[in-house]
Amino acid sequence: MTTATVRTSANVPKAAKGAAAQPAQPGFAGKLLRVDLTKKRCWAEAWSPAEMQELLGGIGLGAMILYRETKTKSGKGNVSWDHPDNRLILATGPLAGLPVWGTGGLTVVTIGAGTNGPTSTQANGFFGTNLKYCGYDAIVIQGQSKDWVYLYINDDTLELRDARDLAGKDTWETQDTLSGKLGLTGHQLSVYSIGPAGENLCRFAAIQGDYGHVASKNGVGAVMGRKKLKAVAIVKGTKPLAVADPRGLMQAADDIAHALKTDPGSKSLYEYGTLPGVVNLSKLGVLPIKNYTTNVPPADITEWAAPKLREGFDHRGHQCNACGMHHCHMSIIRSGPNKGQTIDEPEYEGWSGAGWTIGATRPDQIADVAWLNTQLDRACLDVNEFGWICGWVMECQEKGYITEQQLGFKLAWGDIKGAHRLMEMISHRKGFGNILAEGVKRAAEKIGGPAKDCAIYFEKGAAPRGHDHRGRWEEMLDVATASTGTMETGNPTFPTEVGQPARINPYDGEQVAHYVAGLRGRKNFEDSLGVCIFTVRCTLELICRALNAATGWNWTWADAVRFGRRTAAINRVVALRGGYTPAIEKPSKRYSSTPVDGPAKGQSIAAQWDKMIDVWYNDVGYDRKTGKPLPETLRGLGLDWLVPEVWGKKA
Amino acid sequence: MKVLKITPEKCTGCLRCELACSYMQTGQYQPAKSVIRVSPFEGHTSYAPYTCTQCAEGWCMTACPVGAITINVAGAKDVRDDVCVGCKLCTIACPYGTAFYDPDTRKAFKCNLCGGDPACASACPTAAITYEDTATVDWIGDFAAHRAGRLLETV
Ligand code: SF4
Ligand code: SF4
């Protein structure tokens, strides 16, 4: 059943061989796709080259849309994640769809269900490519549907179609079904969808697409579920994309590729994706083992080395748009109970969340861990938060804080079958799973007592990524102070390029705080371009070269950093509108506890926490008490217009 | 003569070849107008590119009633835009489905080996496409038969 069809003829290319209709701004498709699920309406909206230069795309564009459109009617507060006026923004960026490696990029921006604040979470595949060749830079979704629908995009054909038959299907089944129905295989169709966890509004539900790409943070899948939008299906578009300097773009793309292949900081990523993380991080005490109860892996961890993790499966590269990294793979399980099943090779975070965190650390469990990781993608649960929940329940049952009766079954460390059962209970909100579906923080608070002290979370309602951050203090501080519920500063990549030291003492809180504050900006810039986090592990200068070749602009690394900080300030203002205060910028007790063994043994971040927060606030120019960006900080970022709203007319 | 050698096992389906091809052939990025096309096999788990093999018979060239298809410096069959009348006979004559018709220009178009420096081969990050002197041009037959067979086994 077709509920709404909109056809526009405005942007149909007239002729090929150079004579096609050119979008005014090279690098961009030139339009935003607006969708109102309440009114069942889709329409194209032009955006200006000036706005493109100001906002780029991704989180830059998304943050501004949240700022403009998620205020409550009274104008003071912010709508909550489940309100029809919440926006779900699926944005690409100026590099998406172009021959720079890893440019199928999607950034999801919304008021997330985890923190009830702004969100920025990325995935890849072919979303950005297919969308831009259909003629759109981003999709902005508002309203709520009464019944399940999916959004179908095929150049100028925009339809909200009946998805009642897709309800209950997992994300891979959803894509299989749509591919079959539409008669399109492979990358001819990019599908991003939710599985049962999103349909049932689990607070850590993700949006999954193109078999293994997950925008996983801050409950974006729950937002999509609340809107009753089952999937977005984008046919590979037929429109042209013009760039300002095609030769320069190819050259920049090749130089980025060369840097990724040869630089010591990215070479192992190029060869094995994130697989080497398991063994490498264990040496730093950053691999989370059994819910942070230990940091000492068994001696046979060598069986988890990257080549073994890959070669243990029949595998084949399954790269995103124009990507040459040996990263994403489709794998087939060779033996055991799941023999013959196709899975997406887990990321490091999959091995940790569906494995090490929940005590599945034996080499003979590798295939089972990989299988569970794909089941989580299919159910659309964030593998990180699932790890923290499942590990917590396992520990609590061992200690008698959560009884077998309460849970309904016995769940011991490393029990993959049991973990899968728990996943089913959570994604269908069955029994005790209904409490766990609220996410690790809310579940821990509900159970309370000593159980609460074992849980790993941020007070703001977010969950960490899959490491032991008691050995990686930057990330704990970064996420604690981020307005988006996940990293806002990100990994230190070429820190000296932005005037930061090459190395710091990882256990000196003050140094860490200066470092995190000093590195701010880059990540928001990257997440606005439509590129993959892994294919921009090069200097900002190189990325700017690609951006400039695509758009004809003249960005420098300093512009990029400033852009990112400006975006962060806008996100902060939206967060403040939703009730954000520095009081919630705290890790839970277990999360910030002192490691009892391993390489980070005895290092206490809790003892230095307040000092770290002080330094961070001072360095970034935000007010320590209220969390507001100071007037001079806003003005310095060119956000003068925000000052009266944040500080009153007299400031 | 140098031709495009395809090693299907190496292809990851990243479609960079299509992007590079479309730019070289049309002046813009527009994979829908690429003359190399990457097909999925086994649903979505494997991919392989496919384009004109510059076959010795030259069916397209023989079929063209106005002599618009000629052999260029690289030895490739090339459509001359100024001569082509858009009758589509070449697209029917080609047994491999690698001669196309563009409704926007009303002309036929096909791989011309970029005049001797094929963009797809330079763009491919995995060397699944190389430009070489080889004895055969049947790259995809065995691969396709094998993959299709595997798919049938699983259903
Ligand atoms: S590095 Fe991986 S996720 Fe990133 S673009 Fe390449 S294949 Fe995709
Ligand atoms: S560029 Fe190479 S790896 Fe990518 S789709 Fe084309 S042939 Fe395959």
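Thresholds, definitions, all that
- Residues numbered from 1 in each chain as written.
- Chains lettered and ligands numbered in written order.
- Predicted model: local features only at pLDDT ≥ 70, side-chain atom pairs only at ≥ 80, totals over all residues.
- Heavy atoms only, no water.
- Contact = heavy atoms within 4.5 Å.
- Buried area = accessible area lost by both parts, 1.4 Å probe.
- Salt bridge = Lys/Arg side-chain N within 4 Å of Asp/Glu carboxyl O.
- Polar contact = N/O pair within 3.5 Å; in protein donor to acceptor, adjacent residues only side chain to side chain.
- Helix = DSSP H or I, 4+ residues; strand = E, 2+ residues; numbered from the N terminus.
- Nonpolar A, V, L, I, M, F, W, Y, C, P; charged D, E, K, R; others polar.
- Pairing = 2+ DSSP bridges.
- Axes fitted to C-alpha atoms, helices over the stretch in contact; angles between N-to-C directions.
- Domains from an automatic or database assignment.
- Buried < 20%, exposed > 50% of the residue type's maximum accessible area, 1.4 Å probe, protein only.
- Core = buried A, V, L, I, M, F, W, Y, C linked by side-chain atoms within 4.5 Å.
- Near = heavy atom within 4 Å.
- Phe/Tyr/Trp six-rings, centres within 6.5 Å; stacked < 30°, edge-to-face > 60°.
- Lys NZ or Arg CZ within 6 Å of the ring centre and 35° of its normal.
- Disulfide = S-S within 2.5 Å.

With respect to the interface of chain A and chain B
- Taken together, the 43 residues of chain A in the interface contact 35 residues of chain B.
- Carbon and sulfur atoms make up 55% of the area that chain A and chain B hide from each other, which totals about 3,100 Å².
- Viewed at the interface, chain B and chain A are joined by two salt bridges.
- Two residues, A:Lys236 and B:Glu18, come together in a salt bridge whose shortest N-O distance is 2.4 Å.
- Counting the contacts that link chain A with chain B gives 13 residue pairs in polar contact (both at pLDDT 80 or more).
- Elements that contribute at least two residues to the side of chain A that touches chain B include exactly helix H7 (246–262), strand S14 (314–317) and strand S15 (329–332) of chain A.
- By residue class, the composition of the side of chain A that touches chain B is 23 nonpolar, 14 polar and six charged.

Focus on the sheet that holds strand S3 (residues 41–46) of chain A
All names here are of chain A.
- One open sheet accounts for six strands, arranged S3-S2-S7-S4-S5-S6; its pairing is mixed. The open sheet is flanked by S3 and strand S6 (118–123), the only strands paired with a single partner. Strand-to-strand twist across the sheet, computed as the mean angle between neighbouring axes with direction ignored, equals 20°.
- Where strand S4 (residues 88–91) meets strand S7 (residues 138–142), four bridges bridge the pair, whose relative direction is antiparallel. Across the sheet, the residue bridging to isoleucine 89 is valine 140, located in S7.
- Helix-sheet contacts for helix H2 (residues 58–69) involve strand S2 (31–36), S4, strand S5 (106–111), S6 and S7, and the interaxial angle to S5 is about 20°.

Quick word on the domain arrangement of chain A
All names here are of chain A.
- When its domains are assigned, chain A resolves into domain 1 (5–235), domain 2 (267–452) and domain 3 (473–647).
- On a C-alpha basis, the centroid separation for the pair domain 2 and domain 3 is 28 Å.
- Tallying the contact residues gives 18 residues for domain 2 and eleven residues for domain 3.
- At the surface where domain 2 touches domain 3, the tally comes to one salt bridge.
- Measuring nitrogen to oxygen at the nearest pair gives 2.7 Å for the salt bridge that ties glutamate 395 to arginine 590.
- Summed over the shared surface of domain 2 and domain 3, the result is four residue pairs in polar contact (both at pLDDT 80 or more).
- For the side of domain 2 that touches domain 3, a count of residues per class yields six nonpolar, eight polar and four charged.

Details of the packing of helix H4 (residues 171–182) of chain A against helix H12 (residues 366–379) of chain A
Residue and element names in this part refer to chain A.
- Put simply, H4 and H12 touch, their axes get as near as 6 Å, and they point 65° apart. Residues Thr171, Trp172 and Glu173 of H4 pack against Thr374, Asp377 and Arg378 of H12.
- When grouped by side-chain class, the residues that make up the contact of H4 with H12 number one nonpolar, two polar and three charged.

Brief notes about the pattern of salt bridges
- Considering all chains together, one arrives at 40 salt bridges over all chains under this definition.
- A salt bridge links B:Arg16 to A:Asp254; its shortest N-O distance comes to 3.3 Å. A residue pair is termed interchain when its members come from two chains, as with B:Arg16 in helix H1 (residues 16–26) and A:Asp254 in helix H7.
- A:Asp254 gets classed as partly exposed once you look at its relative accessible area, which sits at 38%.
- Three or more residues joined by partner-sharing salt bridges are found here, namely A:Arg34, A:Glu45, A:Glu69 and A:Arg87.

Focus on the nonpolar core
- Ranked by internal contacts, the top residues of the largest apolar core, which has 211 residues, are A:Ile139, A:Ile153, A:Phe386, A:Trp392 and A:Phe525.
- Looking at this core element by element, the count peaks at nine residues for helix H13 (residues 383–399) of chain A.
- Once residues within four sequence positions are removed from consideration, A:Ile153 is found in contact with A:Leu33, A:Leu131, A:Cys134, A:Tyr136, A:Ile139, A:Leu158, A:Val232, A:Ala233, A:Ile234 and A:Val235.
- The next biggest cluster of nonpolar side chains, apart from the first, holds 26 residues, and it includes B:Val38, B:Tyr47, B:Cys111 and B:Ile129.

Thoughts on the site of ligand 2
- Around ligand 2, the structure places 14 residues, and the nearest of them are B:Cys11, B:Cys14, B:Leu15, B:Cys17 and B:Cys124.
- Among the residues making up the shell around ligand 2, the classes are represented as ten nonpolar, three polar and one charged.

Here's the deal with unusual backbone geometry
- A positive phi angle, close to 50°, is found at A:Asp210, a residue other than glycine.
- Along the chain, A:Asp210 turns up in the loop between strand S11 (207–209) and strand S12 (213–215).
- For A:Asp210, a relative accessible area of 5% corresponds to the buried category.
- One non-glycine residue, B:Arg106, lies in the positive phi region at around 60°.
- One can find B:Arg106 in the loop between strand S6 (99–102) and strand S7 (107–110).
- Take B:Arg106: its relative accessible area is 60%, and that puts it in the exposed class.

A few points about the packing of aromatic side chains
All names here are of chain A.
- This model, assessed by the stated rule, comprises 20 aromatic pairs over all chains.
- Here the aromatic rings of tryptophan 304 and tryptophan 356 are separated by 5.0 Å at their centres, their planes lie at 65°, and the arrangement is edge-to-face. Remark: tryptophan 356 occurs in the loop between helix H11 (348–353) and H12 and tryptophan 304 occurs in the loop between helix H9 (277–282) and helix H10 (306–311); sequence separation between them is 52 residues. For the pair tryptophan 304 and tryptophan 356, a shared accessibility class is recorded, and that class is buried.
- Between phenylalanine 458 and tyrosine 591, the aromatic rings sit 4.9 Å apart at their centres with planes inclined by 85°, giving edge-to-face as the arrangement. One end of the pair, phenylalanine 458, is in the loop between helix H18 (449–452) and helix H19 (473–481); the other, tyrosine 591, is in the loop between helix H23 (557–577) and helix H24 (609–620), and 133 residues separate them in sequence. Tyrosine 591 carries the same exposure label as phenylalanine 458, and that label is buried.
- Of the aromatic side chains, those joined through ring pairs into one cluster are Phe28, Trp47, Phe525, Trp553, Trp555 and Phe563.
- For arginine 41, the ring lying beneath its charged end belongs to tryptophan 43, and the centroid distance is 4.2 Å.
- In this arrangement the basic side chain of arginine 421 is found over the ring face of phenylalanine 409, its NZ or CZ atom lying 4.1 Å from the centre.

A few points about the state of the cysteines
Residues and elements named next belong to chain B.
- Within the structure shown, the criterion is met by zero disulfides over all chains.
- Cysteine cysteine 60 shares no disulfide, and the gap to the nearest cysteine sulfur, in cysteine 52, comes to 6.4 Å.
- Take cysteine 111: it sits in no disulfide, and the sulfur closest to it among the cysteines is that of cysteine 52, at 5.7 Å.

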